[in-house]
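Structural overview for review
The chain contents come next:
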Amino acid sequence: MFVFWDADQIYALGYSHRSVRASAVDVAELVVLVGVLYMTGLLIVMVGAWASGHRTLWPMELPGEVRTSFYGKLLLTVMAAATVPMVVLSVSVHAQFEAHVRAEEEAEARSHVTAARRVVEDYEASGRSTLVNDDDVMVWIRTLVEQDVSVFTGGTLRATSQRDLFAAGLLALLAPEAAYQAVAFDRVHEYVGREQIGSFGYMVAAAPVHFDGQDGMLVVPLAMRQREIDTKMNELDRGLLLLTLLVVLAAAALGYWRAERLATPIGRLTRATRRLA
């Protein structure tokens, strides 16, 4: 970052530093995108040629050339043998990692809502002041549990550490429906579920609390945690894409080398046979 100033203001000019791995992933994504566009265009040309009856176009001759070419068949076989296991491995790793992260997220949500409920109960037992309509207390609790906290009574918001989001209309003043159903009617000790705001989904933890002589519900949303998970999943998918591309390219190079080694003696034998004939 470059910092400079004058008599009145200070200026800072900076740019993000990209690692070699991040640059390699960008290149891999670009290569895959170009490959997909090329194959899509080739398929469109083949379909158009087949529909118009022009069977002599080069794309229409490509399958026949591959079937009659030793190089082509060996190369496709080696690449398929490398690509299919890598795709299966990538899907499996993605699914297992996502399940592991979701389990950790749920455990973290339960621990946060349990800690917040204990703080609320201890605060209520101290008899210092009321919790209803006291956002300052919710902000204080947020600093203790390191997550935003809201209190609902009768399904309506009473106090929260994120009043600005509710005031801006980004969050509803009513309690999350599934959480309220589980806590108020099903009488569960703790609830952990997912909520949706547009296309963004996040985990919510809720628990019943008793304060000021009435029953309420404590809600702890883990929206920031969801963003961290999405970032990790994106990095994992991009890393798997880079690994798959490297394996496929290595398999293609190996297939070409093996085809060259096998085809050279066959070519010599063919030429010698022709000379004898």
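Now for a look at the structure at hand. (Residues numbered from 1 in each chain as written. Predicted model: local features only at pLDDT ≥ 70, side-chain atom pairs only at ≥ 80, totals over all residues. Heavy atoms only, no water.)

For the rest of this paragraph, the subject is the overall build of the protein. On a plain count of helices and strands, the protein comes out with seven helices and seven strands. Looking at the 277 residues of the protein, the share that counts as buried comes to 30%. Considering only intrachain contacts with a sequence separation of at least 6, the fraction spanning at least 24 residues in the protein is 53%. Of the roughly 17,800 Å² that the protein leaves accessible, carbon and sulfur atoms contribute 63%. (Helix = DSSP H or I, 4+ residues; strand = E, 2+ residues; numbered from the N terminus. Buried < 20%, exposed > 50% of the residue type's maximum accessible area, 1.4 Å probe, protein only. Contact = heavy atoms within 4.5 Å. Areas by Shrake-Rupley, 256 points an atom, 1.4 Å probe, with all protein chains shown as cover.)

Moving on, we get to the pairing of strand 6 (residues 200-211). Burial runs high along strand 6: ten of the twelve residues are buried. Examined bridge by bridge, strand 5 (residues 191-197) and strand 6 share seven bridges and lie antiparallel to one another. Across the sheet, V192 pairs through a bridge with A205, a residue of strand 6. (Pairing = 2+ DSSP bridges.)

Residues other than glycine seldom take positive phi values, yet R187 does so here, at roughly 60 degrees. Relative to the assigned elements, R187 resides in the loop between helix 6 (177-185) and strand 5. The exposure class of R187 is exposed, given its relative accessible area of 64%.

This next bit is on a positive patch on the surface. Together, R268, R271, R274 and R275 line one region of the surface with positive charge. Its place among the elements puts R271 in helix 7 (residues 223-276). Among the residues examined, R271 registers a relative accessible area of 46% and is labelled partly exposed. (Patch = residues over 30% accessible without salt bridge, like charges linked within 9 Å, V, L, I, M, F, W, Y side chains within 5 Å. Salt bridge = Lys/Arg side-chain N within 4 Å of Asp/Glu carboxyl O. Lys, Arg positive; Asp, Glu negative; His and termini not counted. Charge placed at Lys NZ, Arg CZ, Asp CG, Glu CD.)

Tallying each qualifying case throughout the model produces one aromatic pair. Between the aromatic rings of Y180 and F185, the centroid separation amounts to 5.7 Å while the plane-to-plane angle is 85 degrees, which identifies the pairing as edge-to-face. The exposure class of Y180 is partly exposed, given its relative accessible area of 27%. Residue classification places F185 among the exposed residues on the basis of a relative accessible area of 54%. (Phe/Tyr/Trp six-rings, centres within 6.5 Å; stacked < 30°, edge-to-face > 60°.)

Take helix 4 (residues 135-145) next. The set of residues buried in helix 4 consists of D135, V137, M138, I141 and V145. Looking straight down helix 4, one finds that the buried residues subtend no more than 150 degrees of arc, so they occupy a single side. Residues D136 and T143 are exposed on helix 4 and point more than 90 degrees away from its buried face. One or two residues past the end of helix 4 sits E146, with phi positive at roughly 60 degrees. (Arc of directions from axis to C-beta.)

Residue placement: H112 occurs in helix 3 (residues 70-126). Setting aside residues up to four positions removed in sequence, H112 forms contacts with V145, Q147, V220 and L222.

Moving on to the pattern of salt bridges. Overall, the coordinates contain five salt bridges when judged by the stated rule. Among the salt bridges present, the one from E105 reaches R102, with a minimum N-O distance of 3.3 Å. On the criterion of helical spacing, the pair formed by E105 and R102 is a turn pair, its members being three residues apart in helix 3. Note on E105: relative accessible area 0%, which makes it buried. Here the salt bridges do not stand alone but share partners, grouping E98, R102 and E105 into one network.

Our focus in this paragraph is the sheet that holds strand 3 (residues 150-153). Two strands in a sheet stick together by hydrogen bonds in their backbones, pointing the same way (parallel) or opposite ways (antiparallel). Reading across from one edge, 4-3-7-6-5 is the order of the five strands in this open sheet, with antiparallel pairing throughout. The two strands at the open ends of the sheet, each matched to only one other strand, are strand 4 (156-160) and strand 5. Ignoring which end each strand starts from, the neighbouring axes of this sheet average 35 degrees apart. Its contacts with the sheet put helix 4 on strand 3 and strand 4, and the angle it makes with strand 4 is roughly 65 degrees. (Axes fitted to C-alpha atoms, helices over the stretch in contact; angles between N-to-C directions.)

Let us now look at a nonpolar patch on the surface. A surface patch of nonpolar side chains, amounting to about 780 Å² of accessible area, comprises F2, V3, F4, W5, I10, Y11 and L13. If you list the elements that add at least two residues to the nonpolar patch, you get strand 1 (2-5) and strand 2 (10-13). Broken down by element, the residue count for the nonpolar patch peaks at four residues, all from strand 1. Mapped onto the fold, F2 is located in strand 1.

As a further point, take the environment of T156. Topologically, T156 is positioned in strand 4. In sequence terms T156 and P176 are 20 residues apart; their C-alpha atoms lie 9.7 Å from each other. Dropping the residues within four chain positions of it, T156 is found in contact with V151, L173 and L174.

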